[in-house]
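The lines below spell out each chain.
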Amino acid sequence: MFLIKRIISLGIAFILSATFSYIFISSHNTLWNLFWLKTQNFDISFLIIYSSLMHDIRGFLSPVIVQWGIPISFYTIICATLLIAFMITAVVRIILPINSKLSYGIAGFCSIYVMNMLITMRYDGITLISSARENFGLITLCLIGFLGGFFFDFLISKLIRRGN
């Protein structure tokens, strides 16, 4: 019974941290684009900001990247990269006694960076996430991944302590 509770806690923590990362990455991308439009003297109202944020958060959930005939959403890509990074971190933490908050944060940082690099290489050097075309935007996205990993560790510690 304890193992089932632990697996459910890990699953909930992962889904919440991946959703956290997804919402902030898509919001960062939208705000980055709106900021660029503002520098080009476009009139950006609060209603445009709100509707653009809601549209992009929903839009990134739709399957847009078709690989081998399988529709894949941006949320799926974020979940896959974070899952791989968190699993590798869990294995490394079994071998080496590393601080969990920092290790999962670094895993989130690296996973978003690797995700962006792999997407860029797959599409002939075209960066699909427009906010990652500049170094500052890429670092900001990676910091969002770091916060997602940190949030994952926070949720694990709270859910597992609560389950005991």
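Refer to the structure presented above.
Rules and cut-offs
- Residues numbered from 1 in each chain as written.
- Predicted model: local features only at pLDDT ≥ 70, side-chain atom pairs only at ≥ 80, totals over all residues.
- Heavy atoms only, no water.
- Helix = DSSP H or I, 4+ residues; strand = E, 2+ residues; numbered from the N terminus.
- Contact = heavy atoms within 4.5 Å.
- 1 Å grid on protein atoms, 1.4 Å probe; cavity = no way out; pocket = protein on both sides within 12 Å on 5 of 7 lines; lining within 4 Å.
- Points joined across faces, edges and corners; volume = space filled by probe spheres on them.
- Nonpolar A, V, L, I, M, F, W, Y, C, P; charged D, E, K, R; others polar.
- Core = buried A, V, L, I, M, F, W, Y, C linked by side-chain atoms within 4.5 Å.
- Buried < 20%, exposed > 50% of the residue type's maximum accessible area, 1.4 Å probe, protein only.
- Axes fitted to C-alpha atoms, helices over the stretch in contact; angles between N-to-C directions.
- Parallel < 35°, antiparallel > 145°, perpendicular 65-115°, else oblique.
- Left-handed = near helix turned anticlockwise from the far one by under 90°.
- Patch = residues over 30% accessible without salt bridge, like charges linked within 9 Å, V, L, I, M, F, W, Y side chains within 5 Å.
- Areas by Shrake-Rupley, 256 points an atom, 1.4 Å probe, with all protein chains shown as cover.
- Salt bridge = Lys/Arg side-chain N within 4 Å of Asp/Glu carboxyl O.
- Polar contact = N/O pair within 3.5 Å; in protein donor to acceptor, adjacent residues only side chain to side chain.
- Phe/Tyr/Trp six-rings, centres within 6.5 Å; stacked < 30°, edge-to-face > 60°.
- Lys NZ or Arg CZ within 6 Å of the ring centre and 35° of its normal.

1. A closer look at the side chain of S9
Right, on to step 1. Looking at the secondary structure, you find S9 in helix α1 (residues 2-39).
Right, on to step 2. When sequence neighbours within four positions are dropped, the list of residues in contact with S9 reads L159 and I160.

2. Focus on the layout of surface pockets
Right, on to step 1. Its volume calculated, the second largest pocket comes out at about 360 Å³.
Right, on to step 2. Along its surface, the second largest pocket is lined by 17 residues, and L10, A90, Y104, F152 and I156 are the ones closest to its centre.
Right, on to step 3. Listed by contribution, the elements that provide at least two residues to the lining of the second largest pocket are α1, α3 (74-95), α4 (100-122) and α5 (135-163).
Right, on to step 4. Of the residues that constitute the lining of the second largest pocket, the class distribution is eleven nonpolar, three polar and three charged.

3. Things to note about unusual backbone geometry
Right, on to step 1. Of note in this structure, N41 is not a glycine but carries a positive phi near 70°.
Right, on to step 2. Structurally, N41 can be placed in the loop between α1 and α2 (46-59).

4. Examining the nonpolar core
Right, on to step 1. Counting 30 residues, the largest nonpolar core has F74 and M115 as the members making the most contacts within it.
Right, on to step 2. The set of elements that each furnish at least two residues to this core consists of α1, α3, α4 and α5.

5. A short note on the packing of α1 against α2
Right, on to step 1. Two elements in contact, α1 and α2, have axes whose closest approach is 9 Å; the angle formed by their N-to-C orientations is 135°. It follows from the interaxial angle that α1 and α2 lie oblique. Crossing hand, α1 versus α2: right-handed. From α1, Y22, I23, S26, S27, T30, L31 and L34 reach across to α2, where they touch I48, I49, S52, L53, D56, I57 and R58.
Right, on to step 2. Across the contact of α1 with α2, the residue classes tally to eight nonpolar, four polar and two charged.

6. Describing a nonpolar patch on the surface
Right, on to step 1. Taken together, the side chains of I84, I88, V91, V92, I94, I95, L96 and I98 present a nonpolar region at the surface, about 760 Å² in accessible area.
Right, on to step 2. Position of I84 relative to the elements: it lies in helix α3.

7. Some remarks on the side chain of T89
Right, on to step 1. You can see T89 is positioned in helix α3.
Right, on to step 2. When its relative accessible area of 9% is taken as the criterion, T89 is described as buried.
Right, on to step 3. Reaching out from T89, the side chain makes a polar contact with the backbone oxygen of A85 at a distance of 2.8 Å.
Right, on to step 4. Ignoring anything within four residues of it in the chain, the contact list for T89 reads S103, Y104 and A107.

8. A short note on the packing of aromatic side chains
Right, on to step 1. Enumeration according to the criterion identifies ten aromatic pairs in this entry.
Right, on to step 2. Residues Y104 and F152 carry aromatic rings whose centres are separated by 5.2 Å and whose planes lie at 70° to one another, so their mutual orientation is edge-to-face. Of this pair, Y104 sits in helix α4 while F152 sits in helix α5; the two residues are 48 residues apart in sequence, bridging distant segments of the chain.
Right, on to step 3. On the basis of relative accessibility, which here comes to 7%, the residue Y104 falls in the buried class.
Right, on to step 4. A network of ring pairs unites the aromatic residues F14, F86, Y104 and F152 as a single cluster.
Right, on to step 5. Positioned above the aromatic ring of F150 is the side chain of K101, whose terminal nitrogen or guanidinium carbon lies 6.0 Å from the ring centre.

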